[in-house]
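# Report on the structure
Each chain, written out:
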Amino acid sequence: MSAMSAPSAASLLVDCAGARVGGAKRLLNEFDLYLRDRELPGLHTIGRDRSLGATWLLRREREQTRGVRFDRSLALNNVSFVTAGRERHVLVHGAQHFLRRTEIRQLGRRISPAVHAQAPIVWAALHRADRVFVPSTSMAERVATYVPSVRNRLIVAFNPVTPPDPASAPAWKDPAGATETTRARGRDGDPVDFLCPVVILPQKLLTGRLRAGLAALDILAGPPHRIDATLSVTGRADQLEDPTVAQHPRLRLVGEHPAKAVIAMMARCDGVFFPLELESFGYPMAEGRMMGVPVIARDSAHNREIAGPALVGYQRESAEDIATALHAAQAMSRSATLKPDDGGHFDRGRYFDQLLGLPPAH
């Protein structure tokens with residue numbers, strides 16, 4: 001079936017455009033797992049091979065309303081359908097379109113002019129949505145600030161996270177060579193390693209945050225702890241703005257990897273270091289919670305909501321505060337006191353049933 005042809009019986013229209021990397025791609029992967037488990041003959045998906053731009057937005061509205069009237073439409077990419085669907089749902093997870101004034105000043109030109117141009121379009125389309133889904137309370141607050149008229153239509157639904165099986169996680173190649181890393185988290189005598197599983201982008205201000213994290217590891221290396229630890233980051237040296245940070249002896253730049261390989265690293269690390277702040281969700285925090293891996297991050301309401309009991313928080317972005325949190329996470333990891341969270345907070349089936357407006361499967 002072509003992307004722009006729909007059977008007359010179709011009643012659910014889902015736009016997946018723009019889901020190529022990062023959290024958007026992770027969400028699409030979860031959607032595919034959901035579709036594998038639940039048969040929905042009335043579902044029609046579009047946009048899998050499309051970038052999200054003005055041309056696509058116009059085309060999806062024009063051609064999807066020719067001869068077919070869908071009962072419900074769902075946009076997984078921040079921009080609600082305007083006319084397609086008798087009832088319109090949208091998932092909004094782009095925090096950059098809802099920046100606070102302090103963030104705009106702080107980020108400056110790190111935010112692309114295109115993002116600023118897109119924001120009014122995102123806001124305007126929200127007025128046409130019957131239900132607006134967001135992955136966190138903080139994201140709901142952002143949306144309500146810019147589009148207060150949709151406050152009563154906002155629904156907080158955590159992104160789905162499929163519990164990974166650490167035992168079946170594939171080994172990954174050490175960046176220094178072809179040797180496979182096989183260390184097991186929590187085993188005494190193994191090297192201490194923290195993982196920062198982040199796609200490095202200018203707006204994430206990661207270089208300075210890594211500098212603080214590495215200074216914290218230097219503190220742990222001295223008395224009284226004498227813990228010789230490393231920080232593995234899923235990025236490359238050329239993505240960091242300061243060469244001295246990239247050359248730090250405790251930093252291991254392992255390059256970019258598919259999600260399965262990152263899960264393998266996470267299963268073997270002593271803690272997930274997630275220093276970012278401009279996040280609508282934060283998959284690594286949810287995955288750490290699901291796997292029973294400590295999450296070292298800012299002690300904020302957003303991080304407490306997503307990471308839950310896995311959060312080992314620090315108040316200030318200082319080497320001393322981060323060192324205290326890293327030490328606590330390492331002790332937690334080695335003692336295996338943190339258990340995987342099986343509370344169902346990130347259940348895939350319930351999540352997509354809700355987004356699609358469907359009753360739970362029996």
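Presented here is a report on the structure given in the accompanying data block. (Residues numbered from 1 in each chain as written. Predicted model: local features only at pLDDT ≥ 70, side-chain atom pairs only at ≥ 80, totals over all residues. Heavy atoms only, no water.)

Working definition: two side chains of opposite charge can pair if their charged atoms are close together. Here the structure, examined in full by the defined rule, presents 26 salt bridges. Where Asp-228 meets Arg-250, a salt bridge forms, and the shortest distance between an N and an O atom there is 2.6 Å. Of this pair, Asp-228 sits in the loop between α6 (206-221) and β10 (229-233) while Arg-250 sits in the loop between α7 (243-246) and β11 (251-253); the two residues are 22 residues apart in sequence, bridging distant segments of the chain. The exposure class assigned to Asp-228 is exposed, which follows from its relative accessible area of 59%. A relative accessible area of 17% places Arg-250 in the buried class. Salt-bridge contacts for Arg-236 lead to Glu-256; the nearest nitrogen and oxygen are separated by 3.4 Å. With Arg-236 in the loop between β10 and α7 and Glu-256 in the loop between β11 and α8 (259-268), this pair connects stretches of sequence that are 20 residues apart. Judged by its relative accessible area of 49%, Glu-256 is partly exposed. A single salt-bridge network, built from bridges that share partners, covers Glu-30, Arg-36, Asp-37 and Arg-348. (Salt bridge = Lys/Arg side-chain N within 4 Å of Asp/Glu carboxyl O. Helix = DSSP H or I, 4+ residues; strand = E, 2+ residues; numbered from the N terminus. Buried < 20%, exposed > 50% of the residue type's maximum accessible area, 1.4 Å probe, protein only.)

Once that is clear, we can look at helix α9 (residues 283-291). The buried fraction of α9 is high, at 9 of 9 residues. As for α9, its buried residues are in contact with α1 (22-37), α8, β12 (271-273), β13 (295-298) and α10 (301-307). Immediately beyond the C-terminal end of α9, within one or two residues, lies Gly-292, with a positive phi of roughly 75 degrees. (Contact = heavy atoms within 4.5 Å.)

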